[in-house]
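Structural overview for review
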Amino acid sequence: MNVRQFAAVSLSAAILFGGSFTSASAKGGADEKGYKETYGTSQITRQDMKDMINQHGDDKFTVPSFDASTIKNVESATKTDENGNKILMDVWDTWPLQNADGTVAEYKGYQIVFGLAGDPKKPNDTFIYMFYKKAGDDSIDAWKNAGRVFDDEDKNKANDKYLKGQVEEWSGSALFTDDGEIRLFYTNRGDFDESKELFGRQTLTTAQVNVSEKGDKDLQVDGIEDHKSIFNGGDGKTYENVEKAFEDRNFNNNHTFRDPHYIEDKGHKYLVFEANTGTEYGYSGEDNLYNRAYYGKSMKFFRDELKNLQNSPKKETAELANGAMGIIEINDDYTFKKEKKPLLVSNTVTDEIERPNIFKKDGKFYLFTSTRGSKMTIDGIDDEDIYMLGYVSNSLDGPFKPMNKTGIVLHQDLDPNDITWTYAHYVIPQEESDKFVVTSYMTNRGYFADHKSTFAPSFLLDIKNKKSSVVKDGTLEQGQITYDGQ
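So, a few notes on the structure that sits alongside this text. Just so it is clear, the structure is predicted and the values come from calculations on it, not from any experiment. (Residues numbered from 1 in each chain as written. Predicted model: local features only at pLDDT ≥ 70, side-chain atom pairs only at ≥ 80, totals over all residues. Heavy atoms only, no water.)

**Some remarks on the overall build of the protein chain**
Counted only if it meets this: In this text, helices come from DSSP runs of H or I with a minimum length of four residues, and strands from runs of E with a minimum of two, each type numbered from the N-terminal end. As defined in this context, the radius of gyration uses C-alpha atoms, and a globule is described by 2.2 Å times the residue total to the power 0.38. Contacts are residue-level and defined by heavy atoms, with any inter-residue pair within 4.5 Å sufficient. We get accessible surface area from the Shrake-Rupley algorithm with a probe of 1.4 Å; when it comes to residues, only the shown protein chains can shield them. Lys and Arg are tallied as positive, Asp and Glu as negative. Neither His nor the chain termini are counted. In plain terms, the charge of a residue is placed at NZ if it is Lys, CZ if Arg, CG if Asp and CD if Glu.
Helix and strand content of the protein chain: eight helices and 27 strands. Since a compact globule built from 486 residues should have a radius of gyration of about 23 Å, the 22 Å found for the protein chain is in line with a globular shape. In terms of its C-alpha atoms, the protein chain occupies a principal-axis envelope of roughly 75 × 50 × 45 Å. A sequence separation of at least 24 residues applies to 62% of the contacts in the protein chain between residues at least 6 apart. Total accessible area computed for the protein chain in this model is approximately 20100 Å², and 43% of it derives from carbon and sulfur atoms. Within the protein chain, one finds 60 positive and 81 negative side-chain charges whose respective centroids are separated by 5 Å.

Here it is, written out as structure tokens:
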């Protein structure tokens, strides 16, 4: 622990315990009392993640298994390369066009999903495409491809300094407004070039997508307007910005600022997004390890876990881990209004709690996030563990309590070389059913010659307050986003 970090820990401990504080290095760690500071946020604790291991294998939380022989590519996901060759693309993270309450919207009798797609041989070929089908036809073959949402020159036409540096388009959400417009929120990812002090800046971005019907069977994208940046971390006090993340050029630090998800509450508009905690909300560093709020309620667990971390190869990763579900309020014109404190943090556990998905149902707010064991620092969780975690609150501001006691909603432990491997699970509330539809993508990019990343079979989820369970025999079609109860 350096002098600055030790001073911060000592001060916090002295304030909280009314006495002196002795460092772990001086006392061997086992007798360490640490300090406790929540910063007013809800935590994904190490105790919860440890307890979650005991829930592995429970059918209520296990992603259904799928018959690999039935899995199809998204055959409409094609593009032509610079040499005129037709390419069948990978399709991975997708999100539907939704009403403000989270239910699936219909546009002139069509259902629309936006998704990331690209050349399987080019990992950086990552752009947003629009797929659509007639409502009621749930076959994967029904999905048509309207092409890329943005033209290559759209980023320059906006006269926006962050958009001009965009090299990829990452995940987000899509709102069907009361005015009948399609409002897309996504992540602008900038270039990474250390020589130019460019570190892959991620910026929450929006545009209105203009769509029209062509004939009686097709939709087309008619360009975009009101294309603009919204927010990318501000001064770094609430959410880590890219300058702070890489000020010491430590590229082991996994900086995240992406996946904006739209939600309304009491007449106000918000974006919830993946981020990392800023300097005033439990920033990364060795003093992170001494904050009991990140461990759980038991002093014994804290002492034992801290001692283990001190001698663990995961120690540095745990020090840096400061994942967060962030939230900002936006104006009616979709510009930035103000920061709010993080809804949920994962300090010492992981840097990545991805693809936030939040909606209000029966008076409660449900917040879901996808995360990978390969990014975690918990003994007993390995690289093949995939999760969707869930949290519930009576208020958008929290506190958010873990579902199923630990936060587990979905778990998969599968070899990534299996074509039925899934990720980016997304819960969609339904208008005509008390069941919830879960979508995801299947098959890792570039792993197979014939199998592309594709829409995974959807499946049904029961949710009742803090409890959830996968519906037995509830598997649906690949890419299905609505369920009418039949």
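There's plenty left to go through after this.
**Quick word on the sheet that holds strand E14 (residues 258-265)**
Selection criterion: Note on pairing: DSSP must find at least two bridges between two strands before they are called paired.
Spatially, the five strands line up as an open sheet ordered E1-E17-E16-E15-E14, and their pairing is mixed. Each edge of the open sheet is held by one strand with a lone partner, namely strand E1 (42-43) and E14. For strand E15 (residues 268-276) and strand E16 (residues 323-330), the ladder comprises eight bridges, and the chain directions are antiparallel. Residue pairing in the sheet places Ala275 in a bridge with Ala324 of E16.

**Focus on the pattern of salt bridges**
The cut-off we apply is this: In the sections that follow, a salt bridge refers to a side-chain nitrogen of Lys or Arg positioned within 4 Å of a carboxyl oxygen of Asp or Glu. Throughout, exposure labels follow a simple rule: accessible area from a 1.4 Å probe, protein chains only, divided by the maximum for the residue type, with under 20% read as buried, over 50% as exposed, and the rest as partly exposed.
As enumerated under the stated definition, the model contains 32 salt bridges in all. With its nearest N and O atoms 2.7 Å apart, the salt bridge here joins Asp152 to Arg148. We classify Arg148 as partly exposed; its relative accessible area is 21%. Residue Asp462 is joined to Lys435 by a salt bridge in which the shortest nitrogen-to-oxygen separation is 3.6 Å. Taken together, the positions of Asp462 in strand E26 (residues 457-464) and Lys435 in the loop between strand E23 (422-429) and strand E24 (436-442) put the pair 27 residues apart, joining distant regions of the chain.

**Structural notes on the sheet that holds strand E13 (residues 218-231)**
We count it as follows: Structural elements are reduced to axes, namely lines fitted to C-alpha atoms, with helices fitted over the stretch in contact, and the angle between N-to-C directions of any two is expressed from 0 to 180 degrees.
Here we have eight strands laid out as an open sheet, ordered E7-E6-E5-E4-E8-E9-E12-E13, and mixed in their pairing. Because the sheet does not close on itself, it has two edges, and the strands there are strand E7 (144-148) and E13. Adjacent strand axes in the sheet meet at a mean angle of 30°, parallel and antiparallel pairs treated alike. Note that strand E12 (residues 202-214) and E13 share nine bridges and pair antiparallel. Opposite Gln208, over in E13, you have Glu225 as the bridge partner.

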